[in-house]
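# Analysis of the macromolecular model
Here is how the chains run, residue by residue.
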Amino acid sequence: MKATNGMKATNGMPATDLALDSVTLTAGARHLVKDVTLTARPGETIGLVGPNGSGKSSLLRAVYRVLRPDTGQVLVDGTNAWSLPVRQLARTVAAVVQEPGADVDLTVREVVAMGRTPHKRLLDGDTPEDAELIESALRSADATHLAARPFDRLSGGERQRVLIARALAQQPSLLVLDEPTNHLDIRHRLAILGTLRRLPATVLVALHDLNLAAYYCDRLYVLHDGEITASGPPAEVLTAPLLARVYGVTAEVAIHPRTGAPQVTFVPGEPLPDRDGGPGVSPHRV
Amino acid sequence: MTPPTTDRPTGPAVHRPQAGGKRTGRGTSAVTLLALAALLVVSVTAGLAIGSVHVPPGQVWGIVTHALGADWSEADWSEARETIVLDVRAPRVLLGAVTGAGLAVVGTALQALVRNPLAEPYLLGVSSGASLGAVAVIVFGVGVFGPVSLSAAAFAGALGALLLVYATARTGGRITSMRLVLSGVAIAAVLTAVLDLLLLTTDRGNETRAVLAWTLGGLGGVNWGTLWLPGLATLLGVGVLMVQARNLNLLLAGEEAATTMGLDVARFRARMFVLLSLITGVLVAAAGPIGFVGLMLPHIVRLFVGGDHRRVLPTAALGGAVFLVWADVAARTVAAPMEIPVGVLTALCGGPFFLWLMRRDARRGTDRGVA
């Protein structure tokens, strides 16, 4: 199912089995995520969708070990992620997070090189193998031409691609991404999601765009108010009643004849007001 | 400002031998280090030569090599000059080099740890905490272990102040520049007030004057017997920080990102805070609170070698040493025979630098510590 691409250096990495077992996360008295059970089999690309504030980022934080579950477990290849040393987990799990970095005088290549850190001992230098992995990661994220540029002068979309390259340089067998296509133009959205889909690694990705999620993910989990409300292949999950219930919008879902993936078209609840005050579409604006 | 090159088609990009660029960077940084080391030798020589009694550089080297046991020159100098160079100036110049290097690396690491470009031991009140600790020992006279107890108390004071500033400035997992600097200023003000109170209520005329002079930061009063402690602290500090350079780099990516790349951020920061307080405490006990070295040097150095701590730390250490040796030469000579506390001079350079840095960050609109 997974096509191979030019990712020579990362082809050798194994894929990880991820299981969230009844994970509950709280902030103070408030539930962020409640009793979530989720599985990702080795090599699967799993999409996490849901409205703003539904708990997607919090759930991902529990996987990359920043937010500790109050109850439940995050099992990476059967081992509780929170029982492993941070460094050891980082050799298996990489993440692209939504967090502004500091204002740093680093070049793009230096930023991507950071991804090698969990594989290095403290005084180790960068080896030719590291350099090769870094170049390969830059290529996969279409960022090779940015390598020598200062990171803090890049546009938002360029930065995002560099951060994805950094995560790839970490050689993860599980890659966790929080809205990786934010700030990206449509061509790079497709390119990055295509790259992720072709990775041998297991991928867990939070996405806003339902059509992209439907096309690129093997299975989707829908989070609503911190709980999983539906899961399964995109065609089974993305239905008009579900979208009405979770997002409160009217939508039509059809299987796209060329992609074979479900295609969601949103129908605004009320017709746009005519400039003359009447309902319906204004003829001189068509 | 997206250049047209980003429109290059996706797919297997042409592999360019990029390692070359990296090697150039490493090469230039080695050249920079060598140049700075040479500059340091020149600076130390100047520090030994310049003063109320001028000793020619050749003679300085004669005296120094003679003292080190190399007898390849005729001892054509007076004993007084030998005393001036070896016993009066040498410890002082070396303390300057050691203190400059130590403060520069402390500032470098602190800026990474609190993820803020304005971090510096003096501005954050860490030096004030150290001063208060040291003065408390002097005033209450518990200094039975001499310089060691003074340094230990300064270390405790520094650590206390740093933790206090950090806890005050941090809200919701973030530290904004404004809160950081304001907390530092407020805590420094309180600590300095307590220090002044201690001095004023202590009935020790001459000693009070001496301590007051010390709180302005100065390298006088050091001798060979007390130099080893700051020397050891700086050496230890530079060594440990160099070993941790990769981890300091990770913090530049943000705390969550650093965690995902294998750094236990809370534990690492706690350990580093202890180390930085230790260096600051020992240096303040020896030389008084000298400000802005830890602010200026890291930023100047980054302009030349970039932000990778593996390059910034050694370069900043050498640069800081050179800077403070010259600052002390100026302190001794510009108003001779009066001596200006070196801390006053560093503040004269550092204050405007601080303002420039603040405006630069505002202009860039990238002071993302503020976010």
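As the structure is a prediction and not an experimental result, all values here were calculated from the model. (Residues numbered from 1 in each chain as written. Chains lettered and ligands numbered in written order. Predicted model: local features only at pLDDT ≥ 70, side-chain atom pairs only at ≥ 80, totals over all residues.)

## A look at the overall build of chain B
Counting its regular elements, chain B contains 14 helices and 2 strands. Looking at the 371 residues of chain B, the share that counts as buried comes to 48%. For chain B, the share of sequence-separated contacts (at least 6 apart) that also reach a separation of at least 24 residues comes to 78%. (Helix = DSSP H or I, 4+ residues; strand = E, 2+ residues; numbered from the N terminus. Buried ≥ 20, exposed ≤ 12 C-beta atoms within 10 Å, placed from the backbone. Contact = placed C-beta atoms within 7 Å.)

## Description of the overall build of chain A
Summing up its helical and strand segments, chain A has 10 helices and 12 strands in all. Out of the 286 residues in chain A, the part that is buried amounts to 48%. A separation of at least 24 residues holds for 66% of the contacts in chain A among residues at least 6 apart in sequence.

## Quick look at the packing of helix α4 (residues 126-140) of chain B against helix α6 (residues 177-200) of chain B
Pairs of packed helices are described in terms of their axes, by the angle between the two and the distance that separates them. All names here are of chain B. Close contact between α4 and α6 brings their axes to 9 Å; oriented N to C, the two are set at 15°. Between α4 and α6, the interaxial angle falls into the category roughly parallel. Along this stretch, α4 crosses α6, giving a crossing that reads as left-handed. Residues S128, G129, S131, L132, V135, A136 and V139 of α4 touch α6, and the partners they reach there are A188, L191, T192, V194, L195, L198 and L199. Counted by class, the contact of α4 with α6 contains 10 nonpolar, 4 polar and no charged residues. (Axes fitted to C-alpha atoms, helices over the stretch in contact; angles between N-to-C directions. Parallel < 35°, antiparallel > 145°, perpendicular 65-115°, else oblique. Left-handed = near helix turned anticlockwise from the far one by under 90°. Nonpolar A, V, L, I, M, F, W, Y, C, P; charged D, E, K, R; others polar.)

## A short note on the UniProt feature "transmembrane region" (unreviewed entry) in chain B
Residue and element names in this part refer to chain B. Within this structure's numbering, the places UniProt gives as "transmembrane region" (unreviewed entry) are residues 30-51, 93-114, 121-142, 148-168, 180-201, 221-243, 273-297 and 340-358. In residues 30-51, the share of helix is 91% and the share of strand is 0%. The end C-alpha atoms are 33 Å apart. End-to-end, the C-alpha atoms of residues 93-114 are 31 Å apart, and along that stretch the chain is 95% helix and 0% strand. (UniProt positions renumbered as here; feature names shortened; annotations may be inferred.)

## Quick word on the sheet that holds strand β5 (residues 79-80) of chain A
All names here are of chain A. Read from one edge of the open sheet, 4 strands run β2-β1-β4-β5, paired in antiparallel fashion. A single partner strand is all that each edge strand has here, and the edge strands are β2 (30-40) and β5. Pairing of strand β4 (residues 71-76) with β5 involves 2 bridges; the strand directions are antiparallel. Each residue of the ladder has a partner; that of V76, found in β5, is T79. Sheet strands in contact with helix α2 (residues 56-63) are β1 (18-27), β2 and β4, and its direction is about 60° off that of β2. (Pairing = 2+ DSSP bridges.)

## Structural notes on the packing of helix α5 (residues 128-140) of chain A against helix α6 (residues 156-169) of chain A
Residue and element names in this part refer to chain A. Contact geometry of α5 with α6 gives a least axis separation of 8 Å together with a crossing angle of 140°. As judged from the angle between their axes, α5 and α6 are oblique. Seen from above, α5 lies across α6 with right-handed handedness. Facing L133, I134, A137, L138 and S140 of α5, the residues of α6 in contact are A165, L168 and A169. Counted by class, the contact of α5 with α6 contains 7 nonpolar, 1 polar and no charged residues.

## What to know about helix α3 (residues 79-113) of chain B
All names here are of chain B. Its 35 residues give α3 an end-to-end C-alpha distance of 49 Å, which sits within 8% of 51 Å, the value for a rise of 1.5 Å per residue. Most pronounced at R89, the bend in α3 amounts to some 45°, and the proline P91 follows within four residues. Summarising burial for α3: 25 of the 35 residues are buried, a large majority. Looking one or two residues past α3, R115 carries a phi angle of roughly 50°, positive in sign. (Expected span 1.5 Å × (residues − 1). Bend = angle between axes of the 7 residues up to and from the residue.)

## Brief notes about the environment of T16 of chain A
All names here are of chain A. Tracing the backbone shows T16 in the loop between α1 (8-11) and β1. T16 sits 40 residues away from K56 along the chain, and the two C-alpha atoms are 20 Å apart. Not counting residues up to four positions away in its chain, the partners in contact with T16 are P42, V76, D77, T92, S173, L174 and T202.

## So, the pairing of β2 of chain A
Residue and element names in this part refer to chain A. Here 7 bridges tie β1 to β2, and the two strands are oriented antiparallel to one another. For L18, the partnering residue across the bridge sits in β2 and is A40. From the end of β1 to the start of β2, which pair antiparallel, there are 2 residues, and G28 there has a positive phi angle of about 65°.

## Quick look at the sheet that holds strand β3 (residues 45-49) of chain A
All names here are of chain A. If you trace the 6 strands from one edge of the open sheet to the other, you get β6-β7-β8-β3-β9-β10, paired in mixed fashion. The sheet is open, and its two borders are formed by β6 (93-96) and β10 (227-232), each paired with just one other strand. For this sheet, the mean angle separating the axes of adjacent strands, direction not counted, is 15°. Taken together, the 4 bridges between β6 and strand β7 (residues 174-178) define a ladder with parallel strand orientation. Bridge pairing links V96 to L177 in β7. Across the sheet, α6 is in contact with β6 and β7; its angle to β6 comes to roughly 175°.

## A word on the pairing of β1 of chain A
As paired strands, β1 of chain A and β4 of chain A are joined by 5 bridges and run antiparallel to one another. When the bridges of β4 of chain A are listed, L20 of chain A appears paired with V74 of chain A.

## What about unusual backbone geometry?
All names here are of chain A. In this structure, Q171 is a non-glycine residue whose phi angle is positive, near 50°. Tracing the backbone shows Q171 in the loop between α6 and β7. With 21 C-beta atoms packed within 10 Å, Q171 lands in the buried category. The residue D225 is not glycine, and still its phi comes out positive at about 50°. Within the element layout of this structure, D225 appears in the loop between β9 (219-224) and β10.

## Describing the environment of T239 of chain A
Counting through the fold element by element, T239 of chain A comes out in the loop between α9 (234-237) and α10 (240-247). On a C-alpha basis, the gap between T239 of chain A and A254 of chain A in space is 9.1 Å, while along the polypeptide they are 15 residues apart.

## Thoughts on the confidence of the model for chain B
All names here are of chain B. Summarising the model, chain B shows a mean pLDDT of 84, and 85% of its residues fall at 70 or more. Element-level pLDDT for chain B is lowest in strand β2 (residues 174-175), with a mean of 68, against a maximum mean of 95 in helix α13 (residues 309-333). Considering only residues more than four positions removed or in separate chains, one finds that residues 1-24, a stretch of pLDDT under 50, has 18 contacts. A low-confidence stretch, residues 366-371 stays under pLDDT 50, and its non-local contacts, those more than four residues away or across chains, total 19 contacts. (pLDDT = per-residue confidence, 0-100.)

## Some details on helix α11 (residues 265-287) of chain B
Under the 1.5 Å per step criterion, the end-to-end length of α11 of chain B is 32 Å for 23 residues, consistent within 8% with the ideal 33 Å. Taken from the residues just after α11 of chain B, G288 of chain B is the one with a positive phi, measuring 80°.

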